[in-house]
There are 2 protein chains.
Amino acid sequence: MKIDMSYGSGGKQTGDLINQVFLKHFNNKTLNRLEDAAVLSVEGKIAYTTDSFVVTPLFFRGGNIGKLAVCGTVNDLSMMGAVPKYLTAGFIIEEGTELETIEEIARTMALTAKEAGVRIVAGDTKVVDGNGGVFINTSGIGEVMKGGISISHCKPGDAIILSGNLGEHHAAILSHRMGIENQIASDCAPLNSIVQNLLDSQIRVHCMRDVTRGGLATVLNEAAEQSACSVEIWEEALPVSPEVKGFCGILGLDPLYMANEGKMIAVVPGNQAEKALKAVQNSKYGTNARIIGTVLEGNGVRMKTRLNGLRTIDLLYGEGLPRIC
Amino acid sequence: MKIDMSYGSGGKQTGDLINQVFLKHFNNKTLNRLEDAAVLSVEGKIAYTTDSFVVTPLFFRGGNIGKLAVCGTVNDLSMMGAVPKYLTAGFIIEEGTELETIEEIARTMALTAKEAGVRIVAGDTKVVDGNGGVFINTSGIGEVMKGGISISHCKPGDAIILSGNLGEHHAAILSHRMGIENQIASDCAPLNSIVQNLLDSQIRVHCMRDVTRGGLATVLNEAAEQSACSVEIWEEALPVSPEVKGFCGILGLDPLYMANEGKMIAVVPGNQAEKALKAVQNSKYGTNARIIGTVLEGNGVRMKTRLNGLRTIDLLYGEGLPRIC
């Protein structure tokens with residue numbers, strides 16, 4: 001059955017969609033009340049964020065837009081040292097989308113939310129003209145475990161830990177669009193368990209960021225600028241899987257500018273680097289973590305190449321890959 | 001200048017858009033930090049909600065999509081007896097949209113947020129292919145002033161107060177789309193001051209709902225069903241402006257099923273009805289409020305017509321007006 005405009009009217013069909021799909025999968029007491037807003041108890045400081053997802057295709061190797069929408073917001077909260085607690089989900093559905101598609105997305109969102117320990121407590125559905133596309137906004141609230149973690153708190157002498165292989169989400173989406181058969185899967189994953197392990201290990205984390213649109217290069221440039229430091233990374237330390245390396249070689253892509261959806265950097269005091277690395281590696285999604293660089297006085301981002309040269313790493317200019325997340 | 005895909009890449013152009021438009025207008029300390037999530041202090045229980053806005057046209061008499069996006073979420077929080085505090089804004093922009101359009105929307109959002117006393121503390125921007133359209137998701141957090149207000153708490157004997165004229169947002173959008181010249185303006189407005197007045201007047205409010213998609217008929221049906229009561233309203237008590245009445249007459253529209261964006265119902269104990277009415281009428285957006293009906297034992301919604309008949313009022317079936325909000 002296909003979604004038509006009546007599902008966005010706020011009347012009978014909207015109610016059916018909510019009951020038969022969203023309440024069925026997201027099922028929890030708060031959401032089931034169907035009030036104008038969820039009423040919640042939170043403790044201490046909260047982290048609060050929003051992210052919209054417009055990825056195409058909706059389903060790809062390693063995930064779908066729903067998994068991405070839950071992970072993206074869970075990860076943004078986690079990067080502020082918060083335990084993700086509550087999410088909202090706003091669906092904008094293009095006419096002609098199969099109801100089964102929405103249900104499969106909702107099912108995945110529910111599974112991913114369960115893994116990340118968050119509840120989807122409020123939602124909204126709109127239908128627009130179009131051709132079977134879906135956009136999802138998720139906002140999220142987390143309880144801050146450790147304050148003072150900030151993109152502006154990197155310090156000279158800090159070590160930069162990357163939680164795993166670069167470029168996988170980007171390469172998976174691009175492979176799908178180009179019709180290339182390979183085994184590259186999106187790394188889309190909730191990173192809250194890595195953060196929990198870091199903080200449980202008493203690491204004095206200065207900064208964390210997930211590596212998404214714009215890639216590692218963009219994240220490091222933001223960190224360098226906001227912290228008024230310079231960043232040096234080491235090419236030979238950067239983890240890239242052989243498959244993604246091959247894929248990038250053929251297409252002339254640079255993994256430094258490719259999006260991940262399940263990778264993060266943690267910037268920690270140099271003398272805690274090894275301990276922090278172990279904490280990340282002991283996490284489900286951090287087994288291939290590496291120390292990839294260091295924070296220095298100065299400004300900008302440079303990479304020590306395999307040939308011992310020093311290459312300046314700029315922000316991403318231009319288009320990147322459209323609708324990657 | 002037109003927005004292209006590069007503005008959604010997460011790189012340089014996305015940063016420019018954020019700095020030159022969003023930070024300029026939404027300017028506040030929390031947002032300016034550009035962290036992955038805002039860190040906030042909240043007290044007591046919170047209300048939390050989300051809403052996406054896909055209205056077309058983007059600009060209409062009485063408002064634009066940005067004003068709607070702020071009011072809609074402010075109102076959802078208010079309906080739970082909460083003081084709206086923080087909003088997030090997620091923009092999905094179709095390629096080809098003029099940068100000036102986005103700036104005008106952002107400017108209006110900032111003004112409306114200021115009026116409602118909320119801060120926009122986190123945001124996100126995505127660009128998709130298309131033809132100059134804009135979708136906006138807002139989520140919001142409020143601090144609950146008075147708990148126990150619920151769509152399921154209407155009680156027999158309660159009075160139903162409607163804060164003003166029906167159908168104005170719907171009629172304004174439809175007039176615009178049909179190219180009809182008239183003076184009908186959207187009623188789009190933040191309703192938190194009405195709620196504040198009701199609670200300051202010590203009214204023991206049982207239920208509040210804003211009258212949006214699906215119209216008053218749908219809201220009352222939800223209240224009757226969730227509260228396991230019946231609702232009776234009085235046709236002659238329903239406020240509709242002469243212009244909207246004329247417009248509906250020509251087109252065969254029923255104001256009971258038409259969307260507002262600045263009207264609400266408050267369901268209060270019968271013996272507080274007059275006091276509550278005064279509190280609403282003393283609010284900027286409630287001057288034309290009326291007591292429009294009562295809650296009874298039983299189920300369903302009925303309207304006593306001008307001829308003293310009793311007409312059953314069902315949920316909205318079918319399409320309503322697509323992309324009304």
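Notes on the structure in this doc start here. Note that this is a predicted model, so its numbers are computed, not measured.

1. Things to note about the overall build of chain A
Part 1 of the argument: Looking only at helices and strands, one finds nine helices and 14 strands in chain A.
Part 2 of the argument: Computed over C-alpha atoms, the radius of gyration of chain A comes to 20 Å, within 12% of the 20 Å expected from 2.2 N^0.38 for 325 residues, which places it in the range of a compact globule.
Part 3 of the argument: Along the three orthogonal principal directions, the C-alpha set of chain A runs to about 65 × 50 × 30 Å.
Part 4 of the argument: For chain A, buried positions account for 62% of its 325 residues.
Part 5 of the argument: Counted over contacts in chain A with a minimum sequence separation of 6, partners at least 24 positions apart contribute 86%.
Part 6 of the argument: Summed over all atoms, the accessible surface of chain A reaches about 11900 Å², with 48% contributed by carbon and sulfur.
Part 7 of the argument: Of the charged side chains in chain A, 30 are positive and 35 negative, and the gap between their average positions amounts to 6 Å.

2. So, helix α9 (residues 273-281) of chain B
Residue pairs three or four apart in sequence face the same way in an α-helix, which turns once every 3.6 residues.
Residue and element names in this part refer to chain B.
Part 1 of the argument: Turning to α9, its buried residues are A273, A276, L277, A279 and V280. Seen along its axis, α9 keeps its buried residues to an arc of 160°; they face one direction. Among the exposed residues of α9, those oriented more than 90 degrees off its buried face are E274 and K278.
Part 2 of the argument: Where the residues of α9 are buried, they touch β8 (159-162), α6 (192-200), β11 (264-268) and β12 (290-296).

3. Some thoughts on the relation of the copies chain A and chain B
Part 1 of the argument: Superposition of chain A onto chain B requires a rotation of 180° combined with a translation of 0.0 Å along the rotation axis, giving an RMSD of 0.0 Å. A rotation of that kind, with that shift, is consistent with a two-fold axis.

4. Let's talk about the interface of chain A and chain B
Part 1 of the argument: On the side of chain B, 71 residues touch chain A, which itself brings 71 residues to the contact.
Part 2 of the argument: Of the roughly 5700 Å² buried where chain A meets chain B, counting both sides, 56% is carbon and sulfur surface.
Part 3 of the argument: Sorting the residues of chain A by area buried against chain B places A:D36, A:Y48 and A:R213 first, and these three jointly supply 15% of that buried surface.
Part 4 of the argument: Where chain A packs against chain B, one counts eight salt bridges.

5. Brief notes about empty space enclosed by the protein
Part 1 of the argument: Tallied over the full model, the rule gives four cavities of 30 Å³ or more.
Part 2 of the argument: Along the wall of the largest cavity there are 19 residues; nearest its centre are A:R213, A:L321, A:I324, B:G8 and B:S9.
Part 3 of the argument: Residue composition of the lining of the largest cavity, grouped by class: 10 nonpolar, five polar and four charged.

6. Focus: the sheet that holds strand β13 (residues 300-304) of chain A
All names here are of chain A.
Part 1 of the argument: Reading across the sheet, the seven strands line up as β9-β11-β8-β12-β10-β13-β14 and stay open at both edges, with mixed pairing between neighbours. Edge positions in the sheet fall to β9 (207-210) and β14 (310-312), since each of these pairs with one other strand and no more. Neighbouring strand axes in the sheet, compared pairwise and without regard to direction, differ in orientation by 25° on average.
Part 2 of the argument: Two elements, β13 and β14, share three bridges in a ladder whose sense is antiparallel. Paired with K304 across the bridge in β14 is L310.

About the criteria used
Residues numbered from 1 in each chain as written. Chains lettered and ligands numbered in written order. Predicted model: local features only at pLDDT ≥ 70, side-chain atom pairs only at ≥ 80, totals over all residues. Heavy atoms only, no water. Helix = DSSP H or I, 4+ residues; strand = E, 2+ residues; numbered from the N terminus. Rg over C-alpha atoms; globule rule 2.2 N^0.38 Å. Buried < 20%, exposed > 50% of the residue type's maximum accessible area, 1.4 Å probe, protein only. Contact = heavy atoms within 4.5 Å. Areas by Shrake-Rupley, 256 points an atom, 1.4 Å probe, with all protein chains shown as cover. Lys, Arg positive; Asp, Glu negative; His and termini not counted. Charge placed at Lys NZ, Arg CZ, Asp CG, Glu CD. Arc of directions from axis to C-beta. Least-squares fit on C-alpha atoms with pLDDT ≥ 70 in both. Buried area = accessible area lost by both parts, 1.4 Å probe. Salt bridge = Lys/Arg side-chain N within 4 Å of Asp/Glu carboxyl O. 1 Å grid on protein atoms, 1.4 Å probe; cavity = no way out; pocket = protein on both sides within 12 Å on 5 of 7 lines; lining within 4 Å. Points joined across faces, edges and corners; volume = space filled by probe spheres on them. Nonpolar A, V, L, I, M, F, W, Y, C, P; charged D, E, K, R; others polar. Pairing = 2+ DSSP bridges. Axes fitted to C-alpha atoms, helices over the stretch in contact; angles between N-to-C directions.

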